[in-house]
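# Summary of structural features
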Amino acid sequence: MKALRVAGHPEAGERVRVAAGATAGDALRAALEQAAEAELDGASLARALR
């Protein structure tokens with residue numbers, strides 16, 4: 001996700017939000033939404049990877 005943001009892709013945030021919406025797990029969805037806003041923290045990432 002960060003790669004899309006860093007590349008300056010104009011639709012990066014929307015693409016990540018669509019992926020998050022299609023994700024079954026709450027923790028992964030939250031992590032993807034945070035990543036879309038460049039606000040992903042280590043604790044959220046750890047929860048998503050459990």
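An account of the accompanying structure is given in this report. These figures come from a predicted structure and were not determined experimentally.

### Thoughts on the pattern of salt bridges
Overall, the coordinates contain 3 salt bridges when judged by the stated rule. The closest approach of N and O atoms between Glu14 and Arg17, which form a salt bridge, is 3.9 Å. One end of the pair, Glu14, and the other, Arg17, are both in helix 2 (residues 12-21), 3 residues apart, so they sit about a helical turn from each other.

### Some details on the packing of helix 2 against helix 3 (residues 26-36)
A pair of packed helices is characterised by two quantities: the angle between their axes and the separation of those axes. Between helix 2 and helix 3, whose axes approach to 8 Å, the crossing angle comes to 175°. Classified by the angle between their axes, helix 2 and helix 3 sit roughly antiparallel to one another. Across the interface between the two elements, Gly13, Val16, Arg17, Ala19, Ala20 and Gly21 from helix 2 touch Arg29, Leu32, Glu33 and Ala36 from helix 3. Residue composition of the contact of helix 2 with helix 3, grouped by class: 5 nonpolar, 2 polar and 3 charged.

### As for helix 2
Buried residues of helix 2: Ala12, Gly13, Val16 and Ala20, and no others. Down the axis of helix 2, the buried side of the element spans an arc of 95°, and every buried residue falls inside it. Facing away from the buried side of helix 2 by more than 90 degrees, the exposed set consists of Val18 and Gly21.

### Considering a nonpolar patch on the surface
On the surface, a nonpolar cluster with roughly 280 Å² of combined accessible area is contributed by Leu40, Leu45 and Leu49. Here Leu49 is to be found in the segment after helix 4 (42-48).

Cut-offs used in this document
Residues numbered from 1 in each chain as written. Predicted model: local features only at pLDDT ≥ 70, side-chain atom pairs only at ≥ 80, totals over all residues. Heavy atoms only, no water. Salt bridge = Lys/Arg side-chain N within 4 Å of Asp/Glu carboxyl O. Helix = DSSP H or I, 4+ residues; strand = E, 2+ residues; numbered from the N terminus. Axes fitted to C-alpha atoms, helices over the stretch in contact; angles between N-to-C directions. Parallel < 35°, antiparallel > 145°, perpendicular 65-115°, else oblique. Contact = heavy atoms within 4.5 Å. Nonpolar A, V, L, I, M, F, W, Y, C, P; charged D, E, K, R; others polar. Buried < 20%, exposed > 50% of the residue type's maximum accessible area, 1.4 Å probe, protein only. Arc of directions from axis to C-beta. Patch = residues over 30% accessible without salt bridge, like charges linked within 9 Å, V, L, I, M, F, W, Y side chains within 5 Å. Areas by Shrake-Rupley, 256 points an atom, 1.4 Å probe, with all protein chains shown as cover.

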